[in-house]
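For reference, the chains in residue letters:
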Amino acid sequence: MVTDVRVPQNTSRSLLPYLQQANIQYMILISDLQKAIENQTGLRSYRNRRSLSAYNYEVYHSLEEIQGWMHHLNKTHSDLVHMFSVGTSYEGRPLFVLKLGKRSRPYKKAVWIDCGIHAREWIGPAFCQWFVKEALQTYQTDPAMRKMLTQLYFYIMPVFNVDGYHFSWTNDRFWRKTRSKNTRFPCHGVDANRNWKVKWCDEGASFHPCDDTYCGPFPESEPEVKAVAHFLRKHRKQIKAYLSFHAYAQMLLYPYSYKYATIPNFSCVESAAYNAVNALQSAYGIRYRYGPASSTLYVSSGSSMDWAYKNGIPYAFAFELRDTGHFGFLLPEMLIKPTCTETMLAVKNITLHLLKKCH
């Protein structure tokens with residue numbers, strides 16, 4: 001019997017003769033994993049990373065650079081941008097959010113966008129930055145963007161899991177969880193997308209602290225989750241859409257994630273998803289699958305998307321951005337622009353859908 005094996009990310013060369021001897025077909029996806037990581041984290045002069053006036057949206061940025069960029073926008077675009085913190089992380093870092101929109105009236109509906117719940121999914125924070133850039137650059141010239149920023153507020157959290165993201169730059173490129181310490185085990189961190197109080201620690205989550213999907217000792221045990229949940233609860237009457245950006249799979253998911261069931265407002269949400277993936281495909285022909293997370297991806301409990309929906313936010317989506325596994329979490333920087341460009345079309349489509357009445 002011949003078995004196909006995809007050999008990702010720097011499988012030891014010493015293993016290859018054994019695969020050949022056993023007549024196992026294999027494909028090397030990334031020939032030098034270490035070099036691929038260094039290409040993304042290396043301080044190369046041409047990137048001009050730290051110059052805010054020439055901020056490069058087509059490279060990945062460290063947490064310090066992203067937070068510096070946020071401070072810069074807060075100073076230079078005070079008419080449309082207001083930066084604030086919803087709390088602090090386990091390691092004491094501020095959890096910054098940008099409030100984006102024209103102060104046109106006292107009360108406006110809002111959209112929440114977060115990126116980087118899982119530390120290694122760097123394309124997420126890259127998209128959050130891209131979204132802000134596009135909003136500020138096209139507000140004057142694009143009628144759709146002007147309508148969005150006039151009629152809505154956007155709360156944008158470029159890096160949700162700040163400690164984990166920082167750790168993925170300094171120690172372990174493939175780190176996923178938060179960085180909280182466990183008293184009984186040597187393993188660090190909790191899966192911040194299994195820590196929400198919605199069917200907590202059921203199917204698709206683990207009770208073991210060393211697992212990548214560890215749900216934590218109790219719901220909202222992670223200060224990052226607790227802080228965002230508190231903010232969303234406080235503003236739940238205002239916030240009409242929750243969008244969370246992950247990677248990778250090329251999917252647009254909506255509730256439920258923890259069970260196989262149809263949400264009450266299925267027709268409106270499904271229609272928004274259908275139109276969004278069609279808008280996304282119009283850019284480069286990339287086709288996203290869409291549907292309930294449980295049947296489209298897998299069953300998982302304690303997710304932020306399900307929590308948001310259960311707490312009264314009618315449109316809750318999770319994007320799984322490029323790709324489908326060739327590069328995986330190491331999506332090359334040359335794919336940041338096309339990924340963000342097409343995703344922008346989907347997000348604008350969902351946002352404009354919000355502004356219409358759906359029956």
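Residues numbered from 1 in each chain as written. Predicted model: local features only at pLDDT ≥ 70, side-chain atom pairs only at ≥ 80, totals over all residues. Heavy atoms only, no water.

This is how it is decided: UniProt positions are given in the numbering used here, feature names are shortened, and annotations may be inferred rather than shown by experiment.
The name an unreviewed UniProt entry assigns to the protein is Carboxypeptidase A6, from the organism Buteo japonicus. In its Cofactor (unreviewed entry) section, the UniProt record describing the protein reads: "Zn(2+)".

**Details of the pattern of salt bridges**
Condition: By convention in these notes, a salt bridge is any Lys or Arg side-chain nitrogen within 4 Å of a carboxyl oxygen on Asp or Glu. Counting from the N terminus, the helices are the DSSP runs of H or I reaching at least four residues and the strands are the DSSP runs of E reaching at least two. Each residue is placed in one exposure class: buried if its accessible area under a 1.4 Å probe, protein chains only, is under 20% of its type's maximum, exposed if it is over 50%, and partly exposed if it falls in between.
As enumerated under the stated definition, the model contains 9 salt bridges in all. For the salt bridge of arginine 176 with aspartate 191, the shortest nitrogen-to-oxygen distance reads 2.6 Å. In this pair, arginine 176 is assigned in the loop between α6 (162–170) and α7 (223–234) and aspartate 191 in the loop between α6 and α7, connecting sequence segments 15 residues apart. For the residue pair arginine 176 and aspartate 191, the accessibility class agrees, reading buried in each case.

**Notes on the packing of aromatic side chains**
Formally: Only rings of Phe, Tyr and Trp enter the pairing, Trp through its six-membered ring, and a pair is recorded when the two centres are within 6.5 Å. The plane angle decides the type: under 30 degrees is stacked, over 60 is edge-to-face, the rest tilted. A ring is considered to have a charge above it if a Lys NZ or an Arg CZ atom is located within 6 Å of its centre and within 35 degrees of its normal.
On inspection of all chains with the given rule, the structure shows 25 aromatic pairs. Here the aromatic rings of phenylalanine 127 and phenylalanine 131 are separated by 6.3 Å at their centres, their planes lie at 55°, and the arrangement is tilted. Of this pair, phenylalanine 127 and phenylalanine 131 both sit in helix α4 (residues 123–138), separated by 4 residues, roughly a single helical turn. Taken as a pair, phenylalanine 127 and phenylalanine 131 share a single burial class, namely buried. For the pair phenylalanine 245 and phenylalanine 319, a centre-to-centre distance of 4.7 Å together with 15° between the ring planes defines the contact as stacked. Separated by 74 residues along the polypeptide, phenylalanine 245 in strand β7 (residues 239–247) and phenylalanine 319 in strand β10 (residues 315–321) bring together distant segments of the chain. Take phenylalanine 245 and phenylalanine 319: they sit in the same class, and that class is buried. Put simply, the rings of Phe127, Phe131, Phe154, Phe245 and Phe319 pair up and form one aromatic cluster. Here the guanidinium or amino end of lysine 108 rests over the ring plane of tyrosine 153, the centre of that ring lying 4.2 Å away.

**As for the state of the cysteines**
Convention followed: Note on terminology: disulfide denotes any pair of cysteine sulfur atoms within 2.5 Å.
Counted according to the given criterion, the structure contains 4 disulfides. Put simply, cysteine 115 and cysteine 128 are joined by a disulfide, and their sulfur atoms are 2.2 Å apart. Because the torsion about its S-S bond is 85°, the bridge between cysteine 115 and cysteine 128 counts as right-handed. In this pair, cysteine 115 sits in strand β5 (residues 109–115) while cysteine 128 sits in helix α4, placing the two residues 13 residues apart along the sequence. Residue cysteine 128 is classed as buried on the basis of its relative accessible area, which comes to 0%. At a sulfur-sulfur separation of 1.8 Å, the disulfide partner of cysteine 187 is cysteine 210. Across the S-S bond of cysteine 187 and cysteine 210 the torsion is about 80°, and the bridge reads as right-handed.

**Looking at the packing of helix α5 (residues 143–151) against helix α11 (residues 336–354)**
Note the threshold: Axis angles are defined between N-to-C directions and span 0 to 180 degrees, where every axis is a line fitted to C-alpha atoms and, for a helix, only to the segment in contact. Angles below 35 degrees are treated as roughly parallel, those above 145 as roughly antiparallel, those between 65 and 115 as roughly perpendicular, and all remaining angles as oblique. A crossing counts as left-handed when the near helix is turned anticlockwise from the far one by less than a right angle, and as right-handed when that turn is clockwise. Between two residues, a contact is recorded if the distance between any of their heavy atoms is within 4.5 Å. The nonpolar class holds Ala, Val, Leu, Ile, Met, Phe, Trp, Tyr, Cys and Pro. Asp, Glu, Lys and Arg form the charged class, and all remaining residues, Gly among them, are polar.
Here α5 crosses α11 at 55°, and the two axes come no closer than 11 Å. With respect to their mutual orientation, α5 and α11 come out oblique. In the crossing of α5 with α11, the sense of the turn from one axis to the other is left-handed. Residues Ala144, Met145, Lys147 and Met148 of α5 form the contact with α11, whose own contacting residues are Met344, Lys348, Thr351 and Leu352. A class-by-class count of the residues in the contact of α5 with α11 yields 5 nonpolar, 1 polar and 2 charged.

**Some thoughts on the UniProt feature "active site" (unreviewed entry) in the protein**
How we decide: Here a polar contact means two N or O atoms within 3.5 Å. Within protein one must be a hydrogen donor candidate and the other an acceptor candidate, and residues neighboring in sequence count only if both atoms are side-chain atoms.
The residues that UniProt annotates with the feature "active site" (unreviewed entry) are Glu320. Within the fold, glutamate 320 resides in strand β10. When residues no more than four places from it in sequence are discounted, the contact partners of glutamate 320 are His246, Ala247, Tyr248, Ala249, Gln250, Met251, Leu253, Tyr288 and Leu297. Reaching out from glutamate 320, the side chain makes a polar contact with the backbone nitrogen of alanine 247 at a distance of 3.4 Å.

**Here's the deal with the sheet that holds strand β4 (residues 94–100)**
Selection rule: Two strands make a pair as long as DSSP finds a minimum of two bridges between them.
An order of β3-β4-β6-β5-β7-β10-β8-β9 is seen for the 8 strands of this open sheet, with the pairing classed as mixed. Because the sheet does not close on itself, it has two edges, and the strands there are β3 (81–88) and β9 (289–292). When the angles between neighbouring strand axes are averaged without regard to direction, this sheet yields 20°. In the sheet, β5 pairs with β7 via 6 bridges, with the strands oriented parallel. Each residue of the ladder has a partner; that of aspartate 114, found in β7, is serine 244. Packing against the sheet, α5 makes contact with β4, β5 and β6 (152–157), and its axis sits at approximately 90° to β6. Lying over the sheet, α7 contacts β3, β4, β5, β6 and β7, oriented at roughly 125° with respect to β3.

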